[in-house]
Amino acid sequence: MTLRIAVQMDALSSIEPAFDSTFQFILEAQKRGYSVHIFQPSGLSYLDGEVLARAKPVTVRMTEGDYYSEGEETVLDLRMDADLVLMRQDPPFNMEYITAAHILEHLERDTLVLNNPREVRNAPEKLLVTHFRAFAPPTLISADPHAIRAFYDEHEDIILKPLYDYGGSLVFHIDRASDNFSSLLDMFGRFYKEAIIAQKYIPEVKVTGDKRILLTEGKAIAAFSRIPQERDVRAGLYLGGRAEKCEMDERDQKICEAIGPELVRRGLVFAGIDVIGGYLTEINVTCPSGIRDVQLLYGLNPEAQIWDAFEQRLKDFKKR
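Notes on the structure follow. (Residues numbered from 1 in each chain as written. Predicted model: local features only at pLDDT ≥ 70, side-chain atom pairs only at ≥ 80, totals over all residues. Heavy atoms only, no water.)

1. Topic: the overall build of the protein
Then, number 1: If you tally the helices and strands in the protein, you get 9 helices and 17 strands.
Then, number 2: Compactness check: the protein gives a C-alpha radius of gyration of 20 Å against a globular reference of 20 Å for 320 residues, within 12% of the reference.
Then, number 3: Projected onto its principal axes, the C-alpha positions of the protein cover 60 × 45 × 40 Å.
Then, number 4: Put simply, the protein has 320 residues, and 52% of those count as buried.
Then, number 5: Taking all contacts inside the protein whose residues are at least 6 apart in sequence as the whole, residues at least 24 apart take part in 66%.
Then, number 6: Element-wise, carbon and sulfur atoms account for 48% of the exposed surface of the protein, whose accessible area totals about 15100 Å².
Then, number 7: Positive and negative charge centroids in the protein, built from 38 and 50 side chains respectively, lie 3 Å apart. (Helix = DSSP H or I, 4+ residues; strand = E, 2+ residues; numbered from the N terminus. Rg over C-alpha atoms; globule rule 2.2 N^0.38 Å. Buried < 20%, exposed > 50% of the residue type's maximum accessible area, 1.4 Å probe, protein only. Contact = heavy atoms within 4.5 Å. Areas by Shrake-Rupley, 256 points an atom, 1.4 Å probe, with all protein chains shown as cover. Lys, Arg positive; Asp, Glu negative; His and termini not counted. Charge placed at Lys NZ, Arg CZ, Asp CG, Glu CD.)

2. Overview of the sheet that holds strand 11 (residues 172–174)
Then, number 1: Strands sit in the order 9-12-10-11 across an open sheet of 4 strands; the sheet is antiparallel. Of all strands in the sheet, those with a lone pairing partner are strand 9 (139–142) and strand 11, marking the two edges. When the angles between neighbouring strand axes are averaged without regard to direction, this sheet yields 20°.
Then, number 2: Across the face of the sheet, helix 5 (residues 145–155) comes into contact with strand 9, strand 10 (158–162), strand 11 and strand 12 (196–200) while running at roughly 165° to strand 9.
Then, number 3: Docked against the sheet, helix 6 (residues 181–191) engages strand 10, strand 11 and strand 12, running at close to 20° with respect to strand 10. (Pairing = 2+ DSSP bridges. Axes fitted to C-alpha atoms, helices over the stretch in contact; angles between N-to-C directions.)

3. Re the side chain of Ser225
Then, number 1: Mapped onto the secondary structure, Ser225 falls in strand 14 (residues 219–227).
Then, number 2: The class of Ser225 is buried, set by a relative accessible area of 4%.
Then, number 3: Polar side-chain contacts of Ser225 include one of 3.4 Å to the backbone oxygen of Thr208.
Then, number 4: Apart from residues lying up to four places away in sequence, Ser225 is in contact with Thr208, Asp210, Lys211, Arg242, Ala243, Glu244 and Cys246. (Polar contact = N/O pair within 3.5 Å; in protein donor to acceptor, adjacent residues only side chain to side chain.)

4. Description of the sheet that holds strand 13 (residues 210–216)
Then, number 1: Judged by pairing direction, the sheet is antiparallel, and its 5 strands sit side by side in the order 15-14-13-16-17 without closing on themselves. A strand with exactly one partner marks an edge of an open sheet, and here the two such strands are strand 15 (242–245) and strand 17 (279–284). Averaged over all neighbouring strand pairs, the angle between strand axes comes to 30°, with direction disregarded.
Then, number 2: Pairing analysis gives 7 bridges linking strand 13 to strand 14, with the strands arranged antiparallel. From the neighbouring strand, Thr216 faces strand 14, where its bridge partner is Lys219.

5. Observations concerning the nonpolar core
Then, number 1: Counting 41 residues, the largest nonpolar core has Leu44, Leu78, Val85, Leu263, Ile273, Leu280 and Ile283 as the members making the most contacts within it.
Then, number 2: Going through the elements one at a time, strand 4 (50–60), strand 7 (84–87), helix 2 (95–105), strand 13, helix 7 (250–266), strand 16 (270–276) and strand 17 are the ones with two or more residues in this core.
Then, number 3: The leading source of residues in this core is helix 2, at 5 residues.
Then, number 4: Beyond its immediate stretch of four places on either side in the chain, Leu263 contacts Leu128, Leu215, Leu268, Ala271, Ile283 and Val285. (Core = buried A, V, L, I, M, F, W, Y, C linked by side-chain atoms within 4.5 Å.)

In structure tokens form, the structure reads like this:
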């Protein structure tokens, strides 16, 4: 089977190919004999029922200093010129992201888009967790400084972070010894006009780390831990955290069993969840990462298993 793949992603020049999950998806597509074009959200257009993308054909390789080649830019009609579109640009989950999801949704009868753009739009990482309260830490989502202060007074040791950012950006740990709480509320109020998220701090993050579990069609396929640096609570690998092998325990399995059917129902074929101390803190569906880390830690190739799921979804899509 020869497929034409279009990937909505950040520019190849802006990513780190040796560690990027989308890069691994493109590599696997090439192994399967598929052609790949990439485009950025800024190159996506809706025109009288057509969904158009200014895109470039690409060839990628794991060769340091020579990771990719790009062809001449062309305009693709994504209804006619693509069999599958992967929505893989990084957040922040802003109006550009939302607009792209609305435009891609117009393809739903003709071209499969994964993850489902409607459900990506409806399920930002930190909000989808609120539908699984039994597994989440105490959580507040609000722009009301009085509500945030009351949450802080109740729990005394909390995390504050933007609701729609990603990658550990502007994550703050505030306990009773901190004297910056009011300043942080002022900062968030000045620079963010939407709600922020507050969660009870989970101290296990400093010991066992932030466990990333990769799921395909609602089933866990791999897991690893991200351990923060000594004087940081942010475990992201781009922020200096380190990846370590880990085992999934009974609590992890229960979390996956609880959220898996909902991910499948929504068409969120590939997801990455974050679990700290047995608590579900995020469900990543916009641009889940971790493929390269699993490769390096375990010698596995999760991208092949994920592509198998993509292909099955495409077969089912064409049978409709």
